[in-house]
Amino acid sequence: MKRFLLVFIVAVTAMVMMTTCVLAHTATINGVTWTYTVSDGKASISYMPTSLTGAITIPSSLGGYPVTSIGDYAFAYCSRLTSVTIPDSVTSIGDYAFYDCSNLTSIKGSSVRRIGSYAFTDCISLINVGNLLCGDIDFLGESIFRNCTSLKSIELWTIDVIPKHMFDGCISLKEATGVIPNYIKYVDDYAFNGCVSLESCVAFASYGLQRIGYKAFAECESLKSIHGHSLVNTTGIERIENYAFWGCRSIRTLNFSQSIQFIGDYAFANCTNLETVSFHSTSRRNLSIGFQAFASCQNLWKVYIGARDKARIDIYNQAFASCPKLRVFEIGSSNVSINYIMAFIGSYKLKEIDIGGIVKDLYGKISTNIREDVGSVELNDELKLYLAFR
């Protein structure tokens, strides 16, 4: 019985392999020999020789079949390839399709709907991708243009998520624009990490964007604005994750809308030219400002947090540490929790904090001299916390 069962399993497995196996075909057009597979009456470009040279135009049909996709690794390591024109018939580009095509300078194509992970990673000469991301995009993998160090601009249309590492390390990228920008809801982790030349992201509308991920714009030292406004003046944004804008040294003002609820650890740390931070008033929305969220903002002098009725504000350890010019810190009517007074350590010009609500918790060892009767807490010779209860 066991022998019969084993034979049966092997036979079924063989049948499945035979029915799913896709044979490779070749066709020569204009001196280029194309390798492709056929499935469901559609052709997909498969592994091409790494010796492929110069500019190529992918044919719209091979062997009488329409070419609808560029397969995984199809042109990977084709270091002599300089430009690719993709026909309208192609709607899908696979994982690693053009990986490490180090001399590829341009891609032309406007009908692609799916682009796999690492499709153009390490294409260090890629300057222009034209309308590649301007179609009706259904899916984008991660790290698509990672380390494309020559890429200067990008257009984003109907994309709702900027995936992880999508433009990570694109040190020449100066702007991300979009004709129909209202779709973008999430900028995922490391999306623009290390884009040191990026100045603006007008691809994001003044509403709709909900989350900015971990290190999404970290070390974008030229970044000044999103959608032409102060950096995060977007109505829908709720979360800015850890290190999201760490080291963005060109930011001068931050104007958060009423929807913001979470500023992660180190989110704006080392933004050395940041001068003012304000949060709009709202109700029933808690606000959390994380560990060292604004630490080492050397030119920050004013912070205003509008009233958050029926909500709680948590300010965590060292959130505003080492901000030597910070003088004004004002919070509207709210229930406030300053979790560790070390939140302001090193901000030695700060003389008072004006809180128009109730301080529910004041955690951490502050000093041996706490004068609750006048609402004053002595921190040291240079820093005094004054609670203005109204």
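It should be emphasised that the depicted structure is a prediction, and the values quoted were computed from it without experimental measurement.

What is the right way to read the overall build of the protein from this model?
Helices and strands together make up the secondary structure of the protein, namely one helix and 34 strands. Out of the 390 residues belonging to the protein, those deemed buried represent 49%. Carbon together with sulfur atoms contributes 50% to the accessible area of the protein, which is approximately 17,700 Å² in total.

Even after reading the chapter, I still don't get the environment of Gly 290, so can you show me in this structure?
Summarising the element assignment, Gly 290 is placed in the loop between strand S24 (287–289) and strand S25 (302–305). Since its relative accessible area comes to 5%, Gly 290 is described here as buried. For Gly 290, the residues in contact, after removing those within four places along its chain, are Ile 263, Gly 264, Asp 265, Tyr 316 and Ala 319.

Explanation requested: the pattern of salt bridges in the structure shown.
Charged atoms that come close allow side chains of opposite charge to pair. By the definition in use, this model includes nine salt bridges. Taking the shortest distance from any N to any O, the salt bridge between Asp 138 and Arg 113 comes out at 2.9 Å. Residue Asp 138 is located in the loop between strand S10 (114–115) and strand S11 (139–140), and its partner Arg 113 is located in the loop between strand S9 (106–108) and S10; the two are separated by 25 residues in the primary sequence. On the accessibility criterion, Arg 113 (33% relative accessible area) is partly exposed. Linking Arg 239 and Glu 241 is a salt bridge whose minimum nitrogen-to-oxygen distance equals 2.8 Å. According to the relative accessible area criterion, Arg 239 is partly exposed, its value standing at 35%. Classification of Glu 241 as buried rests on a relative accessible area of 12%. Several salt bridges share partner residues, and in doing so they unite Asp 188, Asp 189, Arg 211, Arg 239 and Glu 241 into one network.

I tried to follow the packing of aromatic side chains on my own but got confused; where do I start?
Remark: the centre distance and the inter-plane angle together describe each pair of aromatic rings, the angle taken between the planes. Inspection of every chain in the model, using the stated rule, returns 22 aromatic pairs. One residue, Lys 215, lies across the ring of Tyr 243, its end atom 5.4 Å from the ring centre. The side chain of Arg 239 reaches across the aromatic face of Phe 262, ending 4.0 Å from its centre.

Sorry if this is basic, but what is going on with unusual backbone geometry here?
Trans is the prevailing form of peptide bonds, just as negative phi is the prevailing case for residues other than glycine. The backbone phi angle of Tyr 118 is positive, close to 60°, even though this residue is not glycine. Mapping Tyr 118 onto the fold places it in the loop between S10 and S11. Positive phi outside glycine occurs at Tyr 190, with the angle close to 60°. Summarising the element assignment, Tyr 190 is placed in the loop between strand S15 (186–187) and strand S16 (200–201).

Would you explain the nonpolar core in this entry?
Side chains that are nonpolar tend, in soluble globular proteins, to be buried together. Judged by nonpolar contacts, the single largest core of 100 residues is most densely connected at Phe 75, Phe 120, Phe 145, Phe 167 and Phe 192. For this core, the element with the highest residue contribution is strand S2 (residues 32–39), accounting for four residues. Not counting chain neighbours up to four residues away, the residues in contact with Phe 75 comprise Trp 34, Ile 45, Met 48, Leu 52, Ile 56, Ile 58, Ile 70, Leu 81, Ala 97, Phe 98 and Cys 101.

Parameters and conventions
Residues numbered from 1 in each chain as written. Predicted model: local features only at pLDDT ≥ 70, side-chain atom pairs only at ≥ 80, totals over all residues. Heavy atoms only, no water. Helix = DSSP H or I, 4+ residues; strand = E, 2+ residues; numbered from the N terminus. Buried < 20%, exposed > 50% of the residue type's maximum accessible area, 1.4 Å probe, protein only. Areas by Shrake-Rupley, 256 points an atom, 1.4 Å probe, with all protein chains shown as cover. Contact = heavy atoms within 4.5 Å. Salt bridge = Lys/Arg side-chain N within 4 Å of Asp/Glu carboxyl O. Phe/Tyr/Trp six-rings, centres within 6.5 Å; stacked < 30°, edge-to-face > 60°. Lys NZ or Arg CZ within 6 Å of the ring centre and 35° of its normal. Core = buried A, V, L, I, M, F, W, Y, C linked by side-chain atoms within 4.5 Å.

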